[in-house]
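Chain residues, written in single-letter form:
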Amino acid sequence: MLKTENVTKKYGQLTAVNGVSLEVADNAVTVIVGESGSGKSTLARMLSLIEKPDCGRILLDECETDRRSAKADRRLIQLVMQDAASSLDPHQSARQVIDEPLKLLMKMDKPQRADRIEELCDMVQFPKEKLKNKVTELSGGQQKRLCIARALSAEPKYIIFDEAFSGLDVTLRRCILTMLKKIRGELETGFLIITHDLDTAMFMADRIYVMRSGNIIETLERPKSFLDFNEDYSKELVRAAEYKRQALQI
Amino acid sequence: MIHKILRKPQAVIGLLMMLTVFAVMVFAPAFAPNDPEKINIMQKFAEPSEKYPLGTDDMGRCIASRLIYGARVSMSAALPTIAAIAVISVLLATVCAYIGGIVDRLFVIVSDIFMALPPFLVAMTLVGLFESKALSIVISIAAAMWVWNAQVVRTYVIREKNKPYIITCRMSGCSQMRIIMRHIIPNIFPHLLVLYSTGLSGVIIMISGYAFLGLGFETGTPEWGAMLVGANKLVFSHPELIVYPGLCILFAAAGFNLFGEALRDICDPKEN
Amino acid sequence: MIKRIFSRLLVLAAVLFGVTLLTFFYTSLSPVDAAQALAVRRFARPTAEQVTQVRHELGLDQPLAKQYIAWLSKAVSGDFGNSYNTGKPIIDELSASMRPTLRLAALALLFTALLSIPLGVWSASGKGGFADKSIYLFGIVCMSVPNYWIGFMLMLAFAVNIPLFSIMGADDLKDFILPALAVAIPTSAANIRVFRSSLLDGYNSDFVMYARARGISEIKIAGMVSRYAFPPLVTLLGQSFGFTIAGSAMIEFVFSIQGIGSMLVTALGSRDTVTINACVLVIAVIFVAVNFLAEVINAVLDPKRHTKERAYDT
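This one's a predicted model, so the numbers in the text were calculated from it and none came from an experiment.

J.: What exactly am I supposed to notice about the overall build of chain A here?
T.: On a plain count of helices and strands, chain A comes out with eight helices and ten strands. Expected size for 250 residues packed as a compact globule is a radius of gyration near 18 Å; at 18 Å, chain A falls within 12% of this value. On the principal axes, the C-alpha backbone points of chain A span a range of 55 × 50 × 35 Å. Across the 250 residues that make up chain A, the buried fraction comes to 52%.

Have a look at this one:
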């Protein structure tokens, strides 16, 4: 269980996260929904152990995580960021990107790594003939799949997707989300998805947290439809999403 | 990247010029028609002939040979100098920029002080320090120039270090050392190449300046700058003795500059 | 704003202090024993006592720190002691040498500005065109030669073949035109690149786009872009003034000018440590002062600009 206990983070005068306690369940999909500036990305960074909270604790299996022990925990919590291109080293080839964690974290030897890379490519539907290409030569979708494959290669307990689908076009997003749903069914990994898109949230979530201005204002278990939201703010978000859908109707 | 380089005419020209200089430097004995240091007062200021393709200087030495060997002398002082500058600046800048915190602050303050001294000054005061004149030159120029280079390298490292992919690398299990060696340095390498190739041309010019002032090389050494010593007297009588060494310096330095600047355009294709 | 100037002044003072320390340290590294050298000059074959006596006179038997403090306190009041070489007060020779070098540097600065600014604007406005490319190529050539060689070429062209200028002397301003030009040409080459680059950055930036959208006149926009593009150029010009003074030795040799550069080289050659110290100190102080002036000018031009060279913010 990965959880935060009353965690607060301030940037100067601004309180980004205000005493938040939430849980990322093992083997399930947790989603944090909110508008820009709600503090969800900050929360994601703290959960991926990139930043430390000002107050409160982050607990991994009831053990407090400290930056120093983060090395051991690093493998267990992986991150997929919003912009795939900038989260990849431009001078690496696609194969090297996946190879590195297999070598460093999983300590596999060469033949094992080669096999595993093939497996992972199949899992994320990444074209194997592109493995030899440099990262900059891949399309946006391929780069995203590569990032996911890299995260999976560490066989983590939790993967955090920080607005990872916002930049994708709708069909690609659907494709990747469907793929992720399938993958998650096969592995025992907990997903934490940070998004501002309610459709994504509804499609993927086993649990939804709604965030606003640094606080969690609602928690939904196994949401079935948009009508499940109770709080006023959540309902506003639903309405805004509806307007978007209506406006797009031809 | 090699393809991009070969596609740019300026880069290719610069590269060819650089290679020419290296070739002359390595194969000087094969190219030079005579012994560059052989004095022959009877033949001083001779006209260009078959034996002396460019004539002789005031001591009867073959000018062409001196120019050719001059490549060797200049480059054998310039190359170690730029190598030393590169090693020191990259090491220091990378370590300080990556560790950050107090170490980095200290570095900035110290380099501010060093940069307050014009490099020529620093180099001049150090030049007489060592027995070996060539070593003096290398060390004094390196001591003068490392700060300026280190500051630039530091900026590159910091820029790279703050990019998102570094976080991904940490997550993939990379140690700090591995990130520096396998991720940061390969990505700033083109910029370093630009810095040090244009730097090399600057060093060549600096060295010639020293030789011109009579500091640093034994008198009579065939070095392009040294060949201009006492050229004031020759301005009216034998101006070509002034023109030739300068043209050599121009060729060598321009080669490195052209290549470096072309490379810079490739790496930072912003407005160019 | 006042606070910024004050803190910069503090840094400046610290830097100057560091500079004097470094200067003293560098020259004290010299393996030559100044006492020995001077004693030889005085007594031809000095005995050990005579050398010791000279050493005591010069104060060289004191611990290094004491020497430094003594030297610094006197230097501040302009007393640099007497040259080991000539025995005369250094301050006299210094002031005599400073005049020609300063005139040279000032004229060079003027020429550099006169070359860099119009050519930079021309390059930027005709970006990619023939003028731009020619200026660029010519610039690379000029950056690839030592300025003293350009001095020789200018001399050949305008003093020998067309006897417009004399080849030596430092009497009136006319004599400084060729050497100043020789210094200005390579410096301008680098400056033009920088200026062109900041002009292009300025014209391509968002604030210009918004200004145009708001209908602001091109003249006003040119003014805005200038305020943005000038600071790097001002910094470079300030630096180049200092570099000219520091590296003046070579040009002075070419044109037979008795400036501070030649004085320094002579002192280096004869291991005249006190003179070396004095020259280096004066040059360094001028360098630091002019750079500081450039910073102040920049702060006035564009107070909101964060100097990116100071990458304190990581």
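J.: Looking at this structure, how should I read the interface of chain B and chain C?
T.: Frequently, the measure chosen for interface size is the accessible area that the parts lose on association. At the interface, 53 residues of chain B touch 57 residues of chain C. Summing both sides of the interface, chain B and chain C together bury roughly 4800 Å²; the carbon and sulfur share of this comes to 72%. Seen at the junction of chain B and chain C, the total is two salt bridges. With a shortest N-O distance of 3.9 Å, Arg193(C) and Asp265(B) are connected by a salt bridge. On inspection of chain B and its partner chain C, the count reaches seven residue pairs in polar contact (both at pLDDT 80 or more). When contributions to the side of chain B that touches chain C are tallied by element, the ones reaching two or more residues are helix H5 (101-115), helix H6 (119-126), helix H7 (133-161), helix H9 (176-213) and helix H10 (240-267) of chain B.

J.: It is not clear to me how the interface of chain B and chain A should be interpreted in this structure. Could you clarify?
T.: Listed as interface residues are 14 residues of chain B and, on the opposing side, 20 residues of chain A. Contact with chain A buries surface across chain B, with Thr168(B), Met171(B) and Ser172(B) losing the most and accounting together for 39% of the total. Our count for the chain B to chain A interface comes out at one salt bridge. We note a salt bridge from Glu100(A) to Arg178(B), for which the minimum N-O separation is 3.0 Å. Our count for the contact surface shared by chain B and chain A stands at eight residue pairs in polar contact (both at pLDDT 80 or more).

J.: What should I look at first to understand the packing of helix H3 (residues 94-104) of chain A against helix H4 (residues 110-124) of chain A in this one?
T.: Any two packed helices are characterised by how steeply their axes cross, that is the angle between the axes, and by the distance between the axes. Residue and element names in this part refer to chain A. Close contact between H3 and H4 brings their axes to 10 Å; oriented N to C, the two are set at 120°. In terms of axis orientation, H3 runs oblique to H4. In the packing of H3 onto H4, the handedness of the crossing is right-handed. Where H3 approaches H4, its residues Arg 95, Ile 98, Asp 99, Leu 102 and Lys 103 are matched on the opposing element by Arg 113, Arg 116, Ile 117 and Leu 120.

J.: Sorry if this is basic, but what is going on with the side chain of Thr81(B) here?
T.: In this structure, Thr81(B) sits in helix H4 (residues 63-99). Apart from residues lying up to four places away in sequence, Thr81(B) is in contact with Val138(B), Ile141(B), Ala142(B) and Val203(B).

J.: Before we go on, may I ask you to explain the pattern of salt bridges in this structure?
T.: Pairs can form between side chains of opposite charge whenever their charged atoms are close. All names here are of chain A. Inspection of the entire model under this criterion finds 21 salt bridges over all chains. Salt-bridge contacts for Lys 9 lead to Asp 54; the nearest nitrogen and oxygen are separated by 3.9 Å. One end of the pair, Lys 9, is in strand S1 (residues 2-11); the other, Asp 54, is in the loop between helix H1 (40-47) and strand S4 (55-60), and 45 residues separate them in sequence. Residue classification places Lys 9 among the buried residues on the basis of a relative accessible area of 11%. Overall, the relative accessible area of 45% leaves Asp 54 in the partly exposed class.

J.: Looking at this model, I keep getting lost on the nonpolar core. Mind explaining?
T.: Within soluble globular proteins, side chains that are nonpolar tend to cluster in buried spots. Grouped together as the largest cluster of nonpolar side chains are 156 residues, with contacts concentrated most on Met124(B), Tyr196(B), Leu94(C) and Leu264(C). Ranked by the residues each element gives to this core, the list is headed by H9(B), at 18 residues. Residues contacting Leu94(C), with those up to four places away along its chain left out, are Phe80(C), Ile260(C), Met263(C), Ala278(C) and Val282(C). Judged by nonpolar contacts, the second largest core, of 53 residues, contains Val29(A), Val31(A), Leu88(A) and Ile193(A).

J.: Whenever I open this one, the sheet that holds strand S5 (residues 63-64) of chain A confuses me. Can you help?
T.: Whether parallel or antiparallel, the strands of a sheet pair through hydrogen bonds between backbone atoms. All names here are of chain A. Pairing within the open sheet is antiparallel, and its four strands lie in the order S2-S1-S4-S5. Strand pairing shows two members of the sheet lacking a second neighbour, strand S2 (14-24) and S5, which therefore form its edges. Pairing of S1 with S2, which is carried by seven bridges, proceeds in the antiparallel orientation. Counted as the bridge partner of Leu 2 is Val 24 from S2.

J.: Whenever I open this one, helix H8 (residues 174-204) of chain C confuses me. Can you help?
T.: The end-to-end C-alpha separation of H8(C) is 42 Å, in line with the 45 Å expected for 31 residues at 1.5 Å each. In the structure, H8(C) departs most strongly from a straight axis at Ser188(C), where the bend amounts to approximately 30°.

J.: Which parts of the structure should I look at to understand the arrangement of the chains?
T.: Where the two pairs of chains in contact are concerned, the greatest contact count is recorded for chains B and C. There is a clear gap between chain A and chain C: no contact, and 16 Å between their nearest C-alpha atoms.

J.: Just checking my understanding: could you explain the packing of aromatic side chains for this structure?
T.: Under the definition given, this model contains nine aromatic pairs over all chains. Their ring planes at 25° and their centres at 5.6 Å tell us that Phe161(A) and Phe165(A) sit as a pair that is stacked. According to the relative accessible area criterion, Phe161(A) is buried, its value standing at 0%. Ring centres of Phe22(B) and Phe256(B) lie 6.1 Å apart, and the angle between their planes is 90°; on these two criteria the pair is classed as edge-to-face. With a gap of 234 residues between them, Phe22(B) in helix H2 (residues 9-26) and Phe256(B) in helix H10 connect regions that are remote in the sequence. Using a relative accessible area of 27% as the deciding quantity, one classes Phe22(B) as partly exposed. With relative accessibility at 2%, the residue Phe256(B) sits in the buried group.

Parameters and conventions
- Residues numbered from 1 in each chain as written.
- Chains lettered and ligands numbered in written order.
- Predicted model: local features only at pLDDT ≥ 70, side-chain atom pairs only at ≥ 80, totals over all residues.
- Heavy atoms only, no water.
- Helix = DSSP H or I, 4+ residues; strand = E, 2+ residues; numbered from the N terminus.
- Rg over C-alpha atoms; globule rule 2.2 N^0.38 Å.
- Buried < 20%, exposed > 50% of the residue type's maximum accessible area, 1.4 Å probe, protein only.
- Contact = heavy atoms within 4.5 Å.
- Buried area = accessible area lost by both parts, 1.4 Å probe.
- Salt bridge = Lys/Arg side-chain N within 4 Å of Asp/Glu carboxyl O.
- Polar contact = N/O pair within 3.5 Å; in protein donor to acceptor, adjacent residues only side chain to side chain.
- Axes fitted to C-alpha atoms, helices over the stretch in contact; angles between N-to-C directions.
- Parallel < 35°, antiparallel > 145°, perpendicular 65-115°, else oblique.
- Left-handed = near helix turned anticlockwise from the far one by under 90°.
- Core = buried A, V, L, I, M, F, W, Y, C linked by side-chain atoms within 4.5 Å.
- Pairing = 2+ DSSP bridges.
- Expected span 1.5 Å × (residues − 1).
- Bend = angle between axes of the 7 residues up to and from the residue.
- Phe/Tyr/Trp six-rings, centres within 6.5 Å; stacked < 30°, edge-to-face > 60°.

It is worth stressing that arrangement in space is one thing and function is another; only the former is reported here.
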